[in-house]
Amino acid sequence: MAVRRKHIRTTASQLLRSNGIESAPVEVEKIAEYLGIRVQYETTDDELSGFLLRDLSRNKAIIGINDKHPETRKRFTVAHELGHFMLHEHENLHIDKRFMIQLRDEKSSKGEFEDEKEANLFAAELLMPIDFIQTDLAEVNEFDLEDDDFIKDLAAKYDVSPQAMTFRLSYLGYIQL
Ligand SMILES: [Zn+2]
């Protein structure tokens, strides 16, 4: 998994660089467009977060997003589907119902679940890149990090949910959950 994690981080940071994205919030749709992927929003039942449909013969893809969900969640889902696109070439159609946002459960490692964890990690690396976070937290002390408002403001800057930001800061070792 260590090798995969490195690969996932590198893949995300190369995409950011190729698109000239150097600050938050990361424009996920611009990245999708760069990859030749159309993002479409549709209102559907709550269960469905999104899907990735590949057209292998034409090297194109469509990402579908449930328009009913909050903005931060929709952005995370686009990034998650981009993760499947970049990392998992074995599937033509991938449907995401309620995928798990947290990456803490390291024990489960069965195929499908592993793909979901990788797509979530990719989404986190894309939306909350480590170098952006390091810059933002360079002059922050641990008391600020314990303040819910601080994390809320940081999440707003990255246009992600406070929950996603909390997991990210924990993953990067800034806070303990
Ligand atoms: Zn997924």
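My aim in this report is to walk through the structure given alongside it, one point at a time. Quick caveat: nothing in here was measured; it's all calculated off a predicted structure.

**What to know about a nonpolar patch on the surface**
Working step 1: Taken together, the side chains of Leu53, Leu93 and Ile95 make up a nonpolar region of the molecular surface, amounting to roughly 250 Å² of accessible area.
Working step 2: Here leucine 53 is to be found in strand 2 (residues 50-55).
Working step 3: Overall, the relative accessible area of 35% leaves leucine 53 in the partly exposed class.

**Overview of the packing of helix 7 (residues 148-158) against helix 8 (residues 162-171)**
Working step 1: Following both chains from N to C, one finds helix 7 and helix 8 inclined at 105 degrees, their axes separated by 8 Å at the closest point. Taken as axis vectors, helix 7 and helix 8 run roughly perpendicular relative to one another. Between helix 7, through Ile151, Lys152, Leu154, Ala155 and Tyr158, and helix 8, the contact on the second element is made entirely by Pro162, Met165, Thr166 and Leu169.
Working step 2: Tallied by class, residues from the contact of helix 7 with helix 8 come to seven nonpolar, one polar and one charged.

**With respect to the coordination of the zinc ion**
Six octahedrally arranged donors around a metal ideally form angles of 90 or 180 degrees; four tetrahedrally arranged donors ideally form angles of 109.5 degrees.
Working step 1: Here the zinc ion is held by His80 (NE2), His84 (NE2), Asp96 (OD), Asp96 (OD) and Glu116 (OE), and the distances to it run 2.0 to 2.6 Å.
Working step 2: Within one chain, the residues serving as donors to the zinc ion are arranged as H-x3-H-x11-D-x19-E. Note that histidine 80 is positioned in helix 3 (residues 71-87) and aspartate 96 in strand 4 (residues 93-96), a separation of 16 residues in sequence.

**Side note on the sheet that holds strand 2**
Working step 1: Overall, mixed pairing links the four strands, which are arranged 1-3-2-4 in an open sheet. Edge positions in the sheet fall to strand 1 (37-42) and strand 4, since each has one partner strand and no second. Direction aside, neighbouring strands of the sheet carry axes that sit 15 degrees apart on average.
Working step 2: Relative to strand 3 (residues 60-66), strand 1 is paired through six bridges, and the arrangement is parallel. Among the inter-strand pairings, glutamine 40 is bridged to a residue of strand 3, identified as glycine 64.

Conventions and cut-offs
Residues numbered from 1 in each chain as written. Predicted model: local features only at pLDDT ≥ 70, side-chain atom pairs only at ≥ 80, totals over all residues. Heavy atoms only, no water. Patch = residues over 30% accessible without salt bridge, like charges linked within 9 Å, V, L, I, M, F, W, Y side chains within 5 Å. Areas by Shrake-Rupley, 256 points an atom, 1.4 Å probe, with all protein chains shown as cover. Salt bridge = Lys/Arg side-chain N within 4 Å of Asp/Glu carboxyl O. Helix = DSSP H or I, 4+ residues; strand = E, 2+ residues; numbered from the N terminus. Buried < 20%, exposed > 50% of the residue type's maximum accessible area, 1.4 Å probe, protein only. Axes fitted to C-alpha atoms, helices over the stretch in contact; angles between N-to-C directions. Parallel < 35°, antiparallel > 145°, perpendicular 65-115°, else oblique. Contact = heavy atoms within 4.5 Å. Nonpolar A, V, L, I, M, F, W, Y, C, P; charged D, E, K, R; others polar. Donors = N, O, S within 2.8 Å, 3.2 Å for Na, K, Ca; no water. Pairing = 2+ DSSP bridges.

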